[in-house]
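Fold and contact review
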Amino acid sequence: MQIVAISDTHGKHHDVKVPDGDILIHAGDVTRGGTKEQVIDFLGWFAEQKHAHKIFVAGNHDFFFEQADSDEIFSIIPDGIVYLNDSSIEINGVKFWGSPITPWFNNWAFNRNRGSEIKKHWELIPNDTDVLITHGPPFGILDETVYGKRTGCEELLLRVYHVKPKFHIFGHIHEDYGSFTKGKISFVNGSVLDDWYEMKNKPVILEF
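Residues numbered from 1 in each chain as written. Predicted model: local features only at pLDDT ≥ 70, side-chain atom pairs only at ≥ 80, totals over all residues. Heavy atoms only, no water.

Things to note about the packing of aromatic side chains
Heads up, the rule is: Aromatic pairing here means that ring centres of Phe, Tyr or Trp (its six-membered ring) are within 6.5 Å. Orientation follows from the plane angle: under 30 degrees is stacked, over 60 is edge-to-face, and everything else is tilted. Using a 1.4 Å probe on the protein chains alone, a residue whose accessible area is under 20% of its type maximum counts as buried, one over 50% counts as exposed, and one in between counts as partly exposed.
Scanning the entire structure with this criterion turns up 13 aromatic pairs. Seen from their ring centres, Phe 64 and Phe 65 are 5.5 Å apart, and the 75° between their planes marks the pair as edge-to-face. Across the pair, exposure class does not vary: Phe 64 and Phe 65 are buried alike. By way of ring pairs, the aromatic residues Phe 42, Trp 45, Phe 46, Phe 56, Phe 64, Phe 65, Phe 74 and Tyr 83 are connected into one cluster.

Structure follows, in structure tokens:
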């Protein structure tokens with residue numbers, strides 16, 4: 001099974017050269033301003049991709065997904081697209097779990113305070129998760145800003161080390177794009193834009 005991972009397109013999805021694969025995953029920030037119109041444009045593009053399965057989570061820019069009720073959200077999601085919000089799906093025996101949550105910063109969408117508040121979300125991750133999709137990174141792994149600050153979530157890191165998924169896919173920190181493997185866990189920051197919001201990085205291809 002071939003997984004294609006991207007993140008942080010911020011409305012520039014039409015410029016992404018998406019390689020073929022079985023599953024296409026977007027790890028959030030599908031829009032720049034989080035409006036419904038921007039979300040609909042993204043979903044139309046996402047639906048056109050040829051991958052058999054398409055999964056995404058929202059990000060801190062995607063206000064529509066936090067502000068709208070679930071009926072409105074699912075009424076605009078085309079068939080064949082899976083939206084995960086602290087939820088899971090199983091595909092061909094592979095278990096995926098996704099969340100848009102990130103540590104609080106300037107009151108963006110899906111922000112939670114570090115510590116017990118954000119930990120409640122990570123405790124929902126099933127122990128048998130194979131592919132974990134979060135918008136934000138775990139602390140200390142592909143989470144360094146251009147200013148040298150580590151911005152990932154400490155509680156998420158602890159949960160990932162407990163669950164031990166095969167892949168942990170995220171974005172959020174554009175300038176720390178890349179992959180890193182520790183033990184049996186492969187971490188992927190799939191941000192395709194750099195910190196100037198310019199299209200710079202390629203989608204990441206993973207073999208499950």
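That shown, we press on.
Some thoughts on the nonpolar core
Put simply, the rule is: What is meant by a nonpolar core is a set of buried Ala, Val, Leu, Ile, Met, Phe, Trp, Tyr and Cys residues, joined one to another through side-chain atoms within 4.5 Å. Under the DSSP-based scheme used, a helix requires at least four consecutive residues in state H or I and a strand at least two consecutive residues in state E, with every element numbered from the N terminus.
Residues Leu 43, Phe 56, Phe 65, Tyr 83 and Trp 122 are the most contacted members of the largest nonpolar core, which totals 42 residues. When contributions to this core are tallied by element, the ones reaching two or more residues are strand E1 (2–6), helix H1 (36–48), helix H2 (63–67), helix H3 (70–76), strand E4 (81–83), helix H4 (116–122), helix H5 (154–163) and strand E12 (185–189). Sorting elements by how many residues they give to this core places H1 first, with five residues.

Notes on the sheet that holds strand E3 (residues 53–56)
The following threshold applies: Any two strands with at least two DSSP-identified bridges between them are counted as paired. Axis definition: a line fit to C-alpha positions, over the contact stretch in the case of helices; interaxial angles, taken between N-to-C directions, run 0 to 180 degrees. Contact between two residues is taken to exist if any of their heavy atoms lie within 4.5 Å; hydrogens are not considered.
Strand order in the open sheet made by the five strands is E4-E3-E2-E1-E13, with mixed pairing throughout. Of all the strands in the sheet, just E4 and strand E13 (204–207) have a single pairing partner and so form its edges. Neighbour-to-neighbour, the strand axes of this sheet turn through a mean angle of 20°, independent of strand direction. Strand direction decides the pairing type here: E1 and strand E2 (residues 23–26), joined by four bridges, are parallel. Counted as the bridge partner of Ala 5 is Ile 25 from E2. Contacts from H1 reach E1, E2, E3 and E4 within the one sheet, and its direction differs from that of E3 by about 150°.

A closer look at the UniProt feature "domain: Calcineurin-like phosphoesterase" (unreviewed entry) in the chain
Under the convention used in this document: UniProt positions are given in the numbering used here, feature names are shortened, and annotations may be inferred rather than shown by experiment.
As recorded in UniProt, the feature "domain: Calcineurin-like phosphoesterase" (unreviewed entry) lies at residues 1–175. Helix makes up 24% of residues 1–175 and strand 22%, with an end-to-end C-alpha separation of 28 Å.

Section: the sheet that holds strand E9 (residues 131–134)
Ordered in space as E5-E6-E9-E10-E12-E11, the six strands form an open sheet in which the pairing is mixed. In this open sheet, the two strands that pair with only one neighbour each are strand E5 (87–91) and strand E11 (178–182). Between one strand axis and the next, the sheet turns by 15° as a mean value, whatever way the strands run. Contacts from H5 reach E9, strand E10 (167–170), E11 and E12, with the element oriented near 145° to E12.

Details of unusual backbone geometry
Not every positive phi belongs to a glycine, and Asp 8 is a case in point at roughly 55°. Structurally, the position occupied by Asp 8 is in the loop between E1 and E2. Of note in this structure, Tyr 197 is not a glycine but carries a positive phi near 65°.

Some details on H5
Going by this rule: Working definition: the arc comes from the directions between the helix axis and the C-beta atoms, pointing outward to the latter.
Listing the buried residues of H5 in full gives Leu 156, Leu 157, Arg 159, Val 160 and Val 163. The buried residues of H5 occupy one face: seen down the axis, they fall within an arc of 165°. Contacts made by the buried residues of H5 are with H4, E9, E10 and E12. Among the residues trailing H5, Lys 164 stands out with phi positive, at a value near 60°.

Section: the side chain of His 26
To keep things clear, this is the line we draw: Under this definition, polar contacts are N or O atom pairs within 3.5 Å; protein pairs additionally need one hydrogen-donor-capable and one acceptor-capable atom, and for neighbouring residues in sequence, both atoms have to be side-chain atoms.
Tracing the backbone through its elements, the reader meets His 26 in strand E2. Using a relative accessible area of 0% as the deciding quantity, one classes His 26 as buried. Separated by 2.8 Å, the side chains of His 26 and Thr 9 make a polar contact. A distance of 3.1 Å separates a polar atom in the side chain of His 26 from the backbone nitrogen of Gly 28. With residues near it in sequence (within four places) discarded, His 26 still touches Ile 6, Ser 7, Asp 8, Thr 9, Phe 42, Phe 46, Ile 55, Phe 56 and Val 57.

Focus: the environment of Asn 85
Locating Asn 85 in the fold gives a position in the loop between E4 and E5. It is 5.9 Å that separates the C-alpha atoms of Asn 85 and Gly 98, two residues lying 13 residues apart in sequence. Leaving out residues up to four positions away in the same chain, Asn 85 has contacts with Gly 98, Pro 100 and Phe 110.

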